[in-house]
Amino acid sequence: MGFADQRFNVNLSILFTELPLLERPAAAAAAGFTAVELWWPWVDSPVPEQAELDALKHAIEEAGVQLTGLNFYAGQLPGPDRGALSVPGEESERFRANIDVAAGFAASLGCTALNALYGNRVEGVDPAEQDALALENLALAARAADRIGAVLLIEALNRPESPLYPLVSAPAAVEVVDKVNEATGLGNARFLMDLYHLSMNGEDLPAVIERFAAKTGHVQIADNPGRGAPGTGSLPLEDLLDQLTKAGYDGWVGLECKPGDRPSAEAFDWLAR
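What counts, and at which threshold
- Residues numbered from 1 in each chain as written.
- Predicted model: local features only at pLDDT ≥ 70, side-chain atom pairs only at ≥ 80, totals over all residues.
- Heavy atoms only, no water.
- Buried < 20%, exposed > 50% of the residue type's maximum accessible area, 1.4 Å probe, protein only.
- Helix = DSSP H or I, 4+ residues; strand = E, 2+ residues; numbered from the N terminus.
- Contact = heavy atoms within 4.5 Å.
- Salt bridge = Lys/Arg side-chain N within 4 Å of Asp/Glu carboxyl O.
- Lys, Arg positive; Asp, Glu negative; His and termini not counted.
- Polar contact = N/O pair within 3.5 Å; in protein donor to acceptor, adjacent residues only side chain to side chain.
- Pairing = 2+ DSSP bridges.
- Right-handed = clockwise from strand over helix to strand, strands pointing away.

K.L.:
Explanation requested: helix H8 (residues 237–246) in the structure shown.
P.N.:
For an α-helix, the turn length of 3.6 residues means that residues three or four places apart are oriented alike. Within H8 the residues assigned to the buried category are Leu237, Leu240, Leu241, Asp242 and Leu244. If you follow the buried residues of H8, they end up packed against strand E1 (7–11), strand E6 (189–194), helix H6 (195–200), helix H7 (205–212), strand E7 (216–221) and strand E8 (252–255). In the segment just after H8, Gly248 is the residue with positive phi, at about 105°.

Next comes the structure, spelled out in structure tokens:
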């Protein structure tokens, strides 16, 4: 088993970022990948011009790669923000304005996974108020995802890098998954298991896999420390992916790792072709 038996896709918001956005799908294809995923590419615009959407769609189609995952609008990412849907006021409204745009773009490319980052805690706002707003917005997102035959992903981040983000453990994220599914009755909310983030939180990764593989809709990896490619740190990623496979996970594994001080195309020497 191991790396050779996984379906890897490339996150074009963290790899190939030395290239303009519209050149990244072809670069991923040239590196041997058939699938890509993206954070919301227009960080300042939850509702970009149709021409921008069309240009990215064309670039993905021309490259011959499949878009397998897309984030909803999440604010300045990378940057200080970690999502918008639990942030009262303008940011929540921007998230809502983005829901149908993101779902429509995903549907146009056959993408069936939409990731909704929860958002940071806001000073002076009751966390219970934020959680109620989050559940309301996540239910809207889950219904939009359901309309296009997609799953809604909810991700745990890590506390050292995201100290204001409330979902910093696998159980915390899965609790929200369960609440969304209960609220909508759709059952299409799933856990996004990012092994790098969970390792940064000090979680027992084999135990997390054993407990939550059945509720996992997508997996992302990077090594720790450094968030580099597999083999640059100390995580037993090959063994962990083997365990996931044995637990029944047969979906994509997103490469959300930094290339380091080399071109992104050179960051895949660990992966047999």
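K.L.:
Before we go on, may I ask you to explain the pattern of salt bridges in this structure?
P.N.:
Close approach of charged atoms allows side chains with opposite charge to pair. Throughout the structure, instances matching the rule amount to ten salt bridges. Between Glu175 and Lys179 there is a salt bridge; the shortest N-O distance is 3.5 Å. Remark: Lys179 and Glu175 occur in helix H5 (residues 170–184); sequence separation between them is four residues, near one turn of the helix. Here the salt bridges share partners, and the residues they tie into one network are Glu90, Glu91 and Arg94.

K.L.:
Please clarify how the side chain of Arg82 should be interpreted in this entry.
P.N.:
For Arg82, the position within the fold is in the loop between strand E3 (66–71) and helix H3 (90–108). Put simply, Arg82 is tucked away with no salt bridge, and the nearest opposite charge, on Glu161, sits 6.5 Å away. A polar side-chain atom of Arg82 sits 2.7 Å from a polar atom in the side chain of Ser162. The contact partners of Arg82, leaving out residues within four places of it in the chain, are Ala74, Leu77, Leu117, Tyr118, Gly119, Asn120, Leu157, Glu161, Ser162 and Tyr165.

K.L.:
What should I look at first to understand the pairing of E6 in this one?
P.N.:
Counting buried positions along E6 yields five of six residues, so the element is predominantly enclosed. Pairing analysis gives four bridges linking strand E5 (residues 151–155) to E6, with the strands arranged parallel. By the bridge assignment, Leu152 is partnered in E6 with Ala189. One crossover worth recording links E5 to the parallel E6 by way of H5, and it is right-handed. Where E6 lies against E7, four bridges are found, and the strand directions are parallel. When the sheet's bridge partners are listed, Asp194 is paired in E7 with Gln220.

Fair warning: the whole summary comes from geometry, so function is off the table for now.
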